Amino acid sequence: MRLEAAARMDVFRKLWAARKLIVVVFIPLSLLPLPLIHPTSEACCAYVLMVTAVYWVSEAVPLGAAALVPAFLYPLFGVLKSSEVAAEYCKDTTLLLMGVICLAASIEKWNLHKRIALRMVMIAGAKPGMLVLGFMCCTVFLSMWLSNTSTTAMVMPIAEAVLQQLICTGLADGHADSETVEAPEDDSAASEKEEDNLDKNQLELLYHNNSSVCSKQELTTLSEVQCCEGNGVGLEATSNPTYIRHTNGLLPQVAIEFPNVKRIEARRDSQYPTKKDHMICKCLSLSITYAATIGGLITITGTSTNLIFAEQFNNRYPDAKVINFGTWFIFSFPIAIIMLVLTWLWLHFLFLGCNFRETCSWSKKRKTRREMLSEKRIHEEYAKLGPISYPEVVTGVFFILMTLLWFTREPGFVPGWTSLFEKKGYRTDATVSVLLGFLLFLIPARRPFSSSCSSSSCRNTDAESDPMAPMITWKDFQKLMPWEIVILVGGGYALAAGCKVSGLSVWIGRQLEPMSGLPPWAVTLLACLLVSAVTEFASNPATLTVFLPILSALSETLRINPLHTLIPSTMCVSFGVMLPVGNPPNAIVFSYGHVKISDMVKAGFGVNLIGVVVVMLAISTWGVPLFNLNEFPDWAIARNVTGGL
């Protein structure tokens, strides 16, 4: 009996190990009768759509590889010509992404993100409540322009340094947490003593440069996390680093190395100096991943799902000139502000309690010794950056210039700068981003007419050996360019084109006619709840790519303005915040070991509800006049009449 049981277990283990291969082979074969029994264009397109969707959701093959399925199945089944499918894999958003990547590479290369983050935290102070709010604000701001994943990977080392200062100080002085001290007028003597403590408690934050990215990737707008040297604060490269590995198996290995090895075991056993310290660590860690998600909602380039929506919407409704950088920002910025405040209040209530006077006071007289040391540590890290360098100034100017040109291209309420040109409709947001990104390859990183290269302006480059070395190189661009995003988004466009040509979208719309009795807000709410539930377990871009054609057909059938369902669904697909597999920022934060899955579920459930409620509030209030949601628009009527996707 034992031998038989062992043999069965061995078979099960082998099957489990080969589960992805089984899915890859079994799914196409099991669905093959559909196009064979019904050899119509709709059935063939549905077959390709289902196979691709299952591959995306199950992640049996990499997401980018699964996105190539339409490239060979559509021609084989006679849905689209090979040349027509190939044309769908490179669109205007690809150029937009490439230009933004150039700016992101310059921001990361010259450490502008560190300067922004540390400055905002310095303004907030070291009180737990204000510290969390400060980190959330800087994370939201960075995530507007960088990917959610890379933003989390940048900010977490800074937060970890502050948290470890709290922990190390608490281990050295168990009663310090309950003591308040008067802010000394002359603290030179105290500074020397505190400096000794800081030297003893110095920590190293190490990223594994060659670690694999999370298995369930949120393919964010700018880049997947590449745990490179220089992304954190106070990073030191060592030849033989010691890594603390976690068993979630979903994320790049993040290592935290202490001078005192005994503290590692205490850390993993959650033996923090006090329960309050542990709660602060949980609150700050989770706040960063939630803030990264919130920041990605604000701009059309903030995350890949926004780009997927914009491109598919503009392809489906070419006459609808309503979605651009400006209109999206006007709609989403209030959502982000409200979500930021409510999420901060929710996390504060959950982990820090309701004593806001104690945790949010800016009074120096109420600061504990540990909070003063934490502030000192933050100021020291900022001082290490030195004075602002010439490349940082250039990057900041390009950053502001790109934003202004996006806003003023077609603001809507006044003529934009595109009205200066005779031919209309030729210039898009991609034109601006590619132009400025191209200039970054030309502008020298050294100040003009400068006889010598300062250390701050020559770091991370060959500017010292080559006086004409540019702001970024092609290697800098390649390091951040997420080609998998390009392929995945192209696969979504190919699926949409197939549905349009085959007439599958019309068939789907007819099947949804029984829902015509529901009011628009009910349809939108059901769509939001559905996509936010699915995205907890499936890739955000894949989920949205599958749902967008269905929701578009549903809106046309029910004669609801398509924006009424598509915009909320696009935003809610980013709310996969309850599990480490929900998105890579969750996984990165989970890898630091401060939070458990139960903490993420409890906090994430509240954030998910906050997000759905705020998005529904927005689409029902200021979204109505902004997008004219009370009427079924002419561009949707024309699309509905022609029966295209």
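Remember, it's a predicted structure, so these values are computed and weren't measured experimentally. (Residues numbered from 1 in each chain as written. Predicted model: local features only at pLDDT ≥ 70, side-chain atom pairs only at ≥ 80, totals over all residues. Heavy atoms only, no water.)

1. Side note on empty space enclosed by the protein
To find the voids left in a structure, one rolls a probe of water-molecule size over its atoms. Using the following cut-off: Residues are called lining when one of their atoms sits within 4 Å of a cavity or pocket point, these points coming from a 1 Å grid over the protein atoms alone, where a cavity is a set in which a 1.4 Å probe fits but cannot get out and a pocket is an open set with protein on both sides within 12 Å along at least five of seven lines. Grid points are joined across faces, edges and corners, and a volume is the space filled by probe spheres set on the points. Secondary structure counts use DSSP, requiring at least four H or I residues in a row for a helix and at least two E residues in a row for a strand, with both numbered from the N terminus. When residues are sorted by character, Ala, Val, Leu, Ile, Met, Phe, Trp, Tyr, Cys and Pro go into the nonpolar class, Asp, Glu, Lys and Arg into the charged class, and all the rest, Gly among them, into the polar class.
Applying the stated rule across the entire model yields eight cavities of 30 Å³ or more. A volume near 80 Å³ is recorded for the second largest cavity. Along the walls of the second largest cavity sit 13 residues, with Thr93, Thr94, Ile485, Val486 and Val489 positioned nearest its centre. Listing elements by their share of the lining of the second largest cavity, those giving two or more residues are helix H8 (92–109) and helix H23 (483–502). It is H23 that provides the largest number of residues to the lining of the second largest cavity, a total of five residues. In terms of residue class, the lining of the second largest cavity is made up of eight nonpolar, three polar and two charged.

2. With respect to the confidence of the model for the chain
Put simply, the rule is: Every residue is assigned a pLDDT by the predictor, reflecting its confidence on a scale from 0 to 100. Contacts between residues were defined by any pair of non-hydrogen atoms, one from each residue, lying within 4.5 Å.
This prediction gives the chain a mean pLDDT of 75; 75% of its residues lie at or above 70. Confidence drops under pLDDT 50 across residues 171–270; counting only partners more than four residues distant or on other chains, this segment forms 223 contacts.

3. Brief notes about the layout of surface pockets
One number sums up the size of the largest pocket: a volume of about 600 Å³. Surrounding the largest pocket, 24 residues form its lining, Asp92, Asn314, Ile323, Arg409 and Thr428 being those nearest its centre. Every element with two or more residues in the lining of the largest pocket is listed here: H8, helix H15 (304–316) and helix H20 (429–440). Counting residues per element, the lining of the largest pocket draws most heavily on H15, which supplies five residues.

4. Structural notes on the packing of helix H25 (residues 520–534) against helix H26 (residues 540–558)
Inclusion rule: Between N-to-C directions, angles span 0 to 180 degrees; the directions come from axes that are lines fitted to C-alpha atoms, helices contributing only their stretch in contact. Should an angle fall under 35 degrees it is taken as roughly parallel, and over 145 as roughly antiparallel, whereas 65 to 115 is taken as roughly perpendicular and any remaining angle as oblique.
At their nearest, the axes of H25 and H26 sit 11 Å apart, and the two run at 170° to each other. Between H25 and H26, the angle is such that the two are roughly antiparallel. Taking contact as the criterion, the partners of Val523, Ala527, Leu530, Val531 and Val534 in H25 are, on H26, Thr543, Phe547, Leu551, Leu554 and Leu558. When its residues are assigned to classes, the contact of H25 with H26 shows nine nonpolar, one polar and no charged.

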